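Here is how the chains run, residue by residue.
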Amino acid sequence: MTRSLEFERHGDKENSPFFEEYLQRLLEERDRVGLTDMIHEIDALMLTVDPGHSIEYIGELTLMTPYHYLVTLESETHWTHVLRIDTNSPDLLVREVKDPNIRGIFRSLNEVYPIGSRKPNSRYMGEILRVSDLHSVVELQKEREFRFFSQDDIRKQELPGNFAVSKPSPYTHNIVAYVERPQDQLRVYALGLSSIRPDVQEVYLAAKELQKKLEIHELILPIDHLATRVYSQNREVAILEWLSLSSYYYWGSYDIKDQNSSTNVTKNVHYPEEMRSPAKVFTANNTPYFVNHLERLPSPTETFVRNYGPRLHHIALAVRDGESHGKENIDYVVNQIQAQGRQFLLDVIGSKEEGLKQIFSSASEHSSLIIEYVQRFGDFDGFFTKDNVAQLTAAAGVEDELLEIQAQISKQY
């Protein structure tokens, strides 16, 4: 039996007695009933974009990441494009809504937020976890009072029919889906008619040709972590909820005081390599927004959540350790991508002496997601440095789209 509480704890963030008590109780129970051993890696990530945006977004992704276009699944109201790196890394399912007027649960999660409502169908939906016994996992999770969409709901929302899909989290607004698949069998998505669309293939091949021309195609590695931003009061419960639904453990939390926030990391108990199953990171303000007029503290995380809603903020990709053309690989990759007109929020931060370097791109106009690159050097023992996180958090707080909406809100009131 896997023991999820035996991993080393990191960080300096002080958690509440509630969190510490239920972290132990929930993970002990998860191990005891067999959920930890039946739930494995993140098999795929799923997101939706507005009509007309998926092809350009695939071009963006296949240039900036190691993903390849595999196939398109067509259903009545959606195109679902399957992107894959290899069979050891999560797939990426990019869904495009055909009709801009279509309404549903996931659109409603956007519409109450100023920036979210501008792109009503554009949002990260959640993770698909591979399990070895779908029926047992779902029944055990129902006993723990998690709720799932019915098969009729799944058909209506045109989600893959071989998934069991949780209702969206009240804390992160993400779903968690389970799919039963032996590790040696290929991933299959029971959804719609399958084809390789010539228009998508053309954009994909052009992006990959450019990657090779820029000599970055072997430098960008699979996903390192996924970072979700939540309200300050939901930090602990969002972490505990994810740990209850997955086979991840609590790696630890760091207090980023000069940005009035904390960064909280969870990792998979079965796979120590993040590229096999990315770490899940949760970022939250230390204080709620309504005390800022008293404390005058920075509030980039809470501001993001208030404008976009709780959601995934960025996808971080590892960069191969080493140098290219006399530059550390991350600097070379960023310079090459910048030369194609792609924007970044700051210069590359960190150093070889500190153990890692990182950078944020600007948010995608298609998905609102940021791409992070991270290069760790040698035998760096850790996940990040506090100084790097503080600078990245501050940079994300001055992202152009966020500043624009803030200015508009100020004028209105």
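Residues numbered from 1 in each chain as written. Predicted model: local features only at pLDDT ≥ 70, side-chain atom pairs only at ≥ 80, totals over all residues. Heavy atoms only, no water.

### Notes on the overall build of the protein
Logical step 1: When you go through the protein residue by residue, the secondary structure sums to 13 helices and 19 strands.
Logical step 2: Relative to its full complement of 413 residues, the protein shows a buried share of 60%.
Logical step 3: The contacts in the protein between residues at least 6 apart in sequence include a share of 72% that link residues at least 24 apart.
Logical step 4: Accessible surface computed for the protein: about 17500 Å², of which carbon and sulfur atoms make up 48%.
Logical step 5: Both charge centroids of the protein, one from 44 positive and one from 62 negative side chains, sit 3 Å from each other. (Helix = DSSP H or I, 4+ residues; strand = E, 2+ residues; numbered from the N terminus. Buried < 20%, exposed > 50% of the residue type's maximum accessible area, 1.4 Å probe, protein only. Contact = heavy atoms within 4.5 Å. Areas by Shrake-Rupley, 256 points an atom, 1.4 Å probe, with all protein chains shown as cover. Lys, Arg positive; Asp, Glu negative; His and termini not counted. Charge placed at Lys NZ, Arg CZ, Asp CG, Glu CD.)

### A word on the domain arrangement of the protein
Logical step 1: The domain boundaries assigned to the protein delineate domain 1 (38-211) and domain 2 (214-411).
Logical step 2: A C-alpha centroid distance of 21 Å is found between domain 1 and domain 2.
Logical step 3: Of the residues lining the interface, 47 residues belong to domain 1; the matching set on domain 2 comes to 59 residues.
Logical step 4: Taking both partners together, domain 1 and domain 2 bury about 4700 Å²; carbon and sulfur atoms supply 59% of that area.
Logical step 5: On the domain 1 side of the contact with domain 2, Met64, Ile115 and Tyr171 bury the most area, a combined 16% of that side's loss.
Logical step 6: Counting every contact that joins domain 1 to domain 2 gives three salt bridges.
Logical step 7: Among the salt bridges present, the one from Glu60 reaches Arg342, with a minimum N-O distance of 3.4 Å. (Domains from an automatic or database assignment. Buried area = accessible area lost by both parts, 1.4 Å probe. Salt bridge = Lys/Arg side-chain N within 4 Å of Asp/Glu carboxyl O.)

### A word on the pairing of strand 5 (residues 91-97)
Logical step 1: Within strand 5, seven of the seven residues are buried, which leaves the element mostly enclosed by the surrounding structure.
Logical step 2: Of the two faces of strand 5, the one carrying Asp91, Leu93, Arg95 and Val97 and the one carrying Leu92, Val94 and Glu96 are both buried.
Logical step 3: By the bridge criterion, six bridges tie strand 2 (residues 39-49) to strand 5 in an arrangement that is parallel. From the neighbouring strand, Ala44 faces strand 5, where its bridge partner is Asp91.
Logical step 4: Summarising the sheet, strand 4 (residues 78-84) and strand 5 pair through six bridges and their orientation is antiparallel. If you follow Trp79 over to strand 5, its bridge partner there is Glu96.
Logical step 5: Taking the residues between adjacent antiparallel strands as the criterion, strand 4 and strand 5 are bridged by six residues. (Pairing = 2+ DSSP bridges.)

### A closer look at the packing of helix 3 (residues 54-64) against helix 7 (residues 198-214)
Logical step 1: Their axes nearest at 8 Å, the elements helix 3 and helix 7 cross at an angle of 25°. As summarised for this structure, helix 3 and helix 7 are arranged roughly parallel, according to the angle between their axes. The interaxial crossing formed by helix 3 with helix 7 has right-handed handedness. Of the residues in helix 7, those touching helix 3 at Ile55, Ile58, Gly59, Thr62, Leu63 and Met64 are Asp199, Val200, Val203, Tyr204, Ala207, Lys208, Leu210, Gln211 and Leu214.
Logical step 2: The class makeup of the residues in the contact of helix 3 with helix 7 is 10 nonpolar, three polar and two charged. (Axes fitted to C-alpha atoms, helices over the stretch in contact; angles between N-to-C directions. Parallel < 35°, antiparallel > 145°, perpendicular 65-115°, else oblique. Left-handed = near helix turned anticlockwise from the far one by under 90°. Nonpolar A, V, L, I, M, F, W, Y, C, P; charged D, E, K, R; others polar.)

### Some words on the pattern of salt bridges
Between side chains of opposite charge, pairing is possible as soon as their charged atoms come close.
Logical step 1: In total, this model carries 25 salt bridges according to the counting rule given.
Logical step 2: The closest approach of N and O atoms between Asp91 and Arg84, which form a salt bridge, is 2.8 Å.
Logical step 3: A residue is classified by how much of its surface remains accessible, and Arg84, at 15% relative accessible area, is buried.
Logical step 4: The residue Glu274 makes a salt bridge to Lys267 at a minimum N-O spacing of 3.2 Å. For the pair shown, Glu274 and Lys267 are each scored as buried.

### Section: the sheet that holds strand 11 (residues 248-256)
Two strands in a sheet stick together by hydrogen bonds in their backbones, pointing the same way (parallel) or opposite ways (antiparallel).
Logical step 1: Read across the sheet, nine strands follow the order 1-11-12-13-10-14-19-18-17 without closing on themselves; strand pairing throughout is mixed. Every interior strand has two partners, whereas the edge strands, strand 1 (10-11) and strand 17 (349-351), have only one.
Logical step 2: Where strand 1 lies against strand 11, two bridges are found, and the strand directions are parallel. Residue pairing across strands places Gly11 opposite Ser253, the latter belonging to strand 11.
Logical step 3: Contacting strand 10 (220-230), strand 12 (261-268), strand 13 (279-285) and strand 14 (311-319), helix 10 (residues 300-308) crosses the sheet at an angle of about 85° to strand 10.

### Concerning empty space enclosed by the protein
Logical step 1: Overall, the coordinates contain three cavities of 30 Å³ or more when judged by the stated rule.
Logical step 2: Considering only enclosed or pocket space, the largest cavity measures out at about 160 Å³ in volume.
Logical step 3: Forming the walls of the largest cavity are 16 residues, and the residues nearest its centre are His225, Thr263, His314, Glu372 and Val389.
Logical step 4: Elements supplying a minimum of two residues to the lining of the largest cavity: strand 10, strand 13, strand 18 (356-360), strand 19 (370-376) and helix 12 (386-396).
Logical step 5: Classifying every residue of the lining of the largest cavity by side-chain character gives seven nonpolar, six polar and three charged. (1 Å grid on protein atoms, 1.4 Å probe; cavity = no way out; pocket = protein on both sides within 12 Å on 5 of 7 lines; lining within 4 Å. Points joined across faces, edges and corners; volume = space filled by probe spheres on them.)

### Comments concerning a negative patch on the surface
Logical step 1: Where like charges cluster on the molecular surface, the negative patch consists of Asp258, Glu353, Glu354 and Asp387.
Logical step 2: Structurally, Glu354 can be placed in the loop between strand 17 and strand 18. (Patch = residues over 30% accessible without salt bridge, like charges linked within 9 Å, V, L, I, M, F, W, Y side chains within 5 Å.)

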